[in-house]
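Residue-level structure breakdown
Below are the chains, spelled out letter by letter.
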Amino acid sequence: MPNLGLTPRDVARELARRYSTMTHDELDILESVLVPMKFAKGEIILGEGQVCENIYWVVKGLVRQFYYKNGKELTEYMAAENSIVMCIESLFKEEPTHLQIQAIEPTIIYAMPKAQLEAVAMKSVNIQILFRKILEESLIISQIHADMLRFESAQDRYQKLVKRSPQLVLRAPLVYIASYLQMTPETLSRVRTASLMG
């Protein structure tokens, strides 16, 4: 196993701290389902046409979720450390996804296979709560993003991202940030300049 800086136990504790309190035994169970993975910059974590079988917890690095439309790459989601990423429709329907997940930086992830998580959740109420809270969080993030694109001006979208995810703004390539905020790189440049001056 590669040296990932954090042990599976550390990751289980962090997940419990964030989503659901757990006993010592429950931490053991959660730790047993975690699968460490390492990706180089630019590497595809989940490709188009694959079935998403895992919930991914980003321990180190930066990832993005994207898809192709009319030959253009569109970034739908980005996540830095201590964030969840998954293709939720593929995960639950067990069907191939149109989305791809890619490492933007060298990235360390712990995967939680859905099948194993569901199996252990049958035996533990706290792991059930953790599973539910992760799904709730994912849906809320999607809804916030959709509402931002529907209702906010380019300026407000950028400001919101700066406030909510300063790491993304500092680390992600501008072309991905622009795509995520559904604006051209030129508009993003103007908005950033206005923000710095304002």
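Note: the structure precedes this text.
Conventions we followed
- Residues numbered from 1 in each chain as written.
- Predicted model: local features only at pLDDT ≥ 70, side-chain atom pairs only at ≥ 80, totals over all residues.
- Heavy atoms only, no water.
- Pairing = 2+ DSSP bridges.
- Helix = DSSP H or I, 4+ residues; strand = E, 2+ residues; numbered from the N terminus.
- Salt bridge = Lys/Arg side-chain N within 4 Å of Asp/Glu carboxyl O.
- Buried < 20%, exposed > 50% of the residue type's maximum accessible area, 1.4 Å probe, protein only.
- Axes fitted to C-alpha atoms, helices over the stretch in contact; angles between N-to-C directions.

1. Considerations on the pairing of strand S5 (residues 72-79)
Judged from the seven bridges that link them, strand S4 (residues 63-69) and S5 form a sheet pairing that is antiparallel. Counterpart to Tyr68 in the pairing with S5 is Glu73. The hairpin turn running from S4 into S5, its antiparallel successor, is two residues long, and Asn70 in that turn takes a positive phi close to 50°.

2. Thoughts on the pattern of salt bridges
Counted according to the given criterion, the structure contains 14 salt bridges. One salt bridge in this structure joins Glu94 and Lys114, with 3.5 Å as the shortest N-O distance. One end of the pair, Glu94, is in the loop between helix H3 (88-93) and strand S7 (100-103); the other, Lys114, is in helix H4 (residues 114-121), with 20 residues separating them in the sequence. Taking the relative accessible area as the measure of exposure, Glu94 reaches 55% and is therefore exposed. Relative accessible area serves as the criterion here: at 6%, Lys114 is assigned to the buried category. Here Arg150 ties to Asp147 by a salt bridge, and the two come within 2.8 Å at their closest N and O atoms. Here Arg150 and its partner Asp147 are both found in helix H5 (residues 125-151), three residues apart, which amounts to about one turn of the helix.

3. What to know about the sheet that holds S7
Strand order in the open sheet formed by four strands is S2-S7-S4-S5, with antiparallel pairing between adjacent strands. Two strands close off the open sheet at either side, each with one partner strand: strand S2 (44-46) and S5. When the angles between neighbouring strand axes are averaged without regard to direction, this sheet yields 35°. Bridge count for S2 against S7 is two bridges, and the pairing is antiparallel. Each bridged residue has a counterpart across the sheet, and for Ile44 the counterpart in S7 is Gln102.

Keep in mind that these numbers describe shape and distance, not what the molecule does.
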